[in-house]
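If you want the building blocks of each chain, they are given just below.
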Amino acid sequence: MRVIETARALQTLAEAERCAGQRLALVPTMGALHAGHRALLDAARKRADRVWLSIFVNPTQFGPKEDLARYPRPREHDLKLCREAGVDAVFLPSEEEMYPPGSQTFVEVTELSQGLCGRSRPAHFRGVATVVTKLLLIAKPHLAVFGEKDYQQLAVIRRLVQDLRMDVEILGVPTVREVDGLALSSRNVSLAAEARQQARVLVRALEAAERALASGELESAELLDLVRGELAKASRARVDYAELCDAQTLAPAPSVLAVPTLLALAVVFRNASEPDASVRLIDNRVLYPKPRQENRL
Ligand code: PAJ
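Here the structure is a predicted model, which means the values were calculated and not measured. (Residues numbered from 1 in each chain as written. Predicted model: local features only at pLDDT ≥ 70, side-chain atom pairs only at ≥ 80, totals over all residues. Heavy atoms only, no water.)

What is the right way to look at the environment of Ser186 in this model?
Within the secondary structure, Ser186 is located in the loop between β6 (169–173) and α8 (193–198). Linking Ser186 and Leu33, residues 153 residues apart in sequence, is a C-alpha distance of 7.0 Å. Excluding residues that lie within four positions of it along the chain, Ser186 makes contacts with Gly31, Ala32, His34, His37, Tyr71 and Pro72. A distance of 3.2 Å separates the side chain of Ser186 from the backbone oxygen of Ala32, its partner in a polar contact. (Helix = DSSP H or I, 4+ residues; strand = E, 2+ residues; numbered from the N terminus. Contact = heavy atoms within 4.5 Å. Polar contact = N/O pair within 3.5 Å; in protein donor to acceptor, adjacent residues only side chain to side chain.)

Would you explain the side chain of Asn271 in this entry?
For Asn271, the position within the fold is in the loop between β8 (261–270) and β9 (278–287). Residue classification places Asn271 among the buried residues on the basis of a relative accessible area of 3%. A distance of 2.8 Å separates a polar atom in the side chain of Asn271 from the backbone oxygen of Ser190. Leaving out residues up to four positions away in the same chain, Asn271 has contacts with Ser190, Leu191, Ala192, Ala195, Arg236, Ala277 and Val279. (Buried < 20%, exposed > 50% of the residue type's maximum accessible area, 1.4 Å probe, protein only.)

Got a minute to help me understand the packing of aromatic side chains in this structure?
For any pair of aromatic rings, the description consists of the separation of the ring centres together with the inter-plane angle of the planes. Counting across every chain of the model gives 2 aromatic pairs. The interplanar angle of 35° and the centroid separation of 6.3 Å between the aromatic rings of Phe56 and Tyr99 together place this pair among those described as tilted. Placement of the pair is Phe56 in the loop between β3 (50–55) and α3 (75–84) and Tyr99 in the loop between α4 (95–98) and α5 (117–120), with a sequence separation of 43 residues. Considered together, Phe56 and Tyr99 belong to a single accessibility category, that of buried residues. Ring centres of Phe62 and Tyr71 lie 5.8 Å apart, and the angle between their planes is 80°; this geometry places the pair in the edge-to-face category. For the pair Phe62 and Tyr71, one class covers both residues: buried. Against the face of Phe106 rests Arg126, its NZ or CZ located 3.9 Å from the ring centre. (Phe/Tyr/Trp six-rings, centres within 6.5 Å; stacked < 30°, edge-to-face > 60°. Lys NZ or Arg CZ within 6 Å of the ring centre and 35° of its normal.)

Could you clarify how one ought to interpret the sheet that holds β9 in this entry?
Each strand in a sheet pairs with another by means of backbone hydrogen bonds, the pair being arranged parallel or else antiparallel. Reading across from one edge, β7-β8-β9 is the order of the 3 strands in this open sheet, with antiparallel pairing throughout. On the outer flanks of this sheet lie β7 (237–246) and β9, each paired with one strand and no other. Pairwise comparison of adjacent strand axes, ignoring direction, gives a mean angle of 15° for this sheet. Relative to β9, β8 runs antiparallel, the two being bridged by 10 bridges. Bridged to Arg270 within β9 is Ser278. Its contacts with the sheet put helix α10 (residues 220–231) on β7 and β8, and the angle it makes with β7 is roughly 155°. (Pairing = 2+ DSSP bridges. Axes fitted to C-alpha atoms, helices over the stretch in contact; angles between N-to-C directions.)

Would you take a moment to explain the sheet that holds β6 for this structure?
With parallel pairing, 6 strands are arranged side by side in an open sheet as β1-β4-β3-β2-β5-β6. Bordering the open sheet on either side are β1 (2–4) and β6, each of which pairs with just one other strand. Put simply, the sheet's adjacent strands are angled 25° from each other on average, direction ignored. By the bridge criterion, 5 bridges tie strand β5 (residues 143–147) to β6 in an arrangement that is parallel. For Leu143, the partnering residue across the bridge sits in β6 and is Glu169. Contacting β1, β2 (24–29), β3 and β4 (89–91), helix α1 (residues 7–19) runs over the sheet at an angle of about 165° to β3.

Help me understand the packing of helix α6 (residues 124–139) against helix α7 (residues 151–163) in this model?
The axes of two packed helices give the description: the angle between them and the distance between them. Interhelical geometry of α6 versus α7 gives an angle of 50° and a closest axis separation of 10 Å. Judged by the inter-axis angle, α6 sits oblique to α7. Considering the relative orientation of α6 and α7, their crossing is right-handed. For the pair α6 and α7, the contacting residues are Phe125, Val128, Ala129, Val132, Thr133 and Leu136 in the first and Gln152, Gln153, Val156, Ile157, Leu160 and Val161 in the second. Among the residues making up the contact of α6 with α7, the classes are represented as 9 nonpolar, 3 polar and no charged. (Parallel < 35°, antiparallel > 145°, perpendicular 65-115°, else oblique. Left-handed = near helix turned anticlockwise from the far one by under 90°. Nonpolar A, V, L, I, M, F, W, Y, C, P; charged D, E, K, R; others polar.)

What exactly am I supposed to notice about the site of the ligand here?
What surrounds the ligand is a group of 20 residues, the closest being Gln61, Gly147, Asp150, Gln153 and Leu184. Val176 places a main-chain nitrogen or oxygen 2.9 Å from a nitrogen atom of the ligand. Take Leu184: an N or O atom from its main chain is 2.8 Å from a nitrogen atom of the ligand. With the chains in place, 96% of the 630 Å² that the ligand exposes on its own is no longer accessible. Listing elements by their share of the shell around the ligand, those giving two or more residues are β2, α2 (35–47), α6 and β5. In terms of residues, the shell around the ligand owes the most to one element, α2, which gives 3 residues. In terms of residue class, the shell around the ligand is built from 10 nonpolar, 8 polar and 2 charged. (Near = heavy atom within 4 Å. Areas by Shrake-Rupley, 256 points an atom, 1.4 Å probe, with all protein chains shown as cover.)

The quantities given are spatial measurements derived from coordinates; they are silent on function.
See below:
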């Protein structure tokens, strides 16, 4: 497995591999790799000859009060996971490599970046769109793989690739979960025991909505009441948002659901021992409403 630190070296390798007819897949990450990242690598492996993974904790997608400094960076663990997954090359650039001194170019996906996570993290998707564009330009992959756990991020990336007419396929992979249903996240390790226990409330809320929908509830307000009721059972949780929106456009859902609808949650958990060190978790599910049946005699 090669470890590559400069954009130039990866560009040169990409050029050579493309000339040799190899199909390239890139899995962009910020490291602290877990089974969710592994699922992206396995999906890439099935569809490409060369699988590359990038690790870069991208400063421009963190807000001033966010956890950039605290973000875990277990390099040896990450490289081991990559070797085990059969990764061909790991791209490990420095901040200067990704943002050369004097950098002033950003990529913004305007509408999709505004709601949901964009509301409480205003510059977040601008940072994501910028770094993903750079990574795609450097690695020149045929395929790039992302998780559906970060649903809005995936929507933003699909949009930017279409808008910039980039010649790359984007693949979304379903969320990988712990046995109790909590979506795997590099941030889960920062949850103290009590908050970790309570974090299950996210998946419980999603399941409650799904059950209600299956038993015929199509009213957005009723579904959201149910979701908020579930989330309120966790004393360490503060709801950032619980929203229903169009699964394609992310526009707010109508009062009666009729088409596939994204139920998206973001919840901040406070740890008892370190009340300042809160952990923000997101999760989502696409709900598929069936049209109301006419009453028949
Ligand atoms: P990171 O949080 O490291 O996630 C890297 C990729 O792994 C993303 O596509 C994310 O959606 C996916 N992922 C995370 N947890 C997952 C899970 N439980 N199941 C399936 N996939 C999961 O997302 C980022 O980094 C960054 O924003 C990045 C795209 C790398 C840009 O900096």
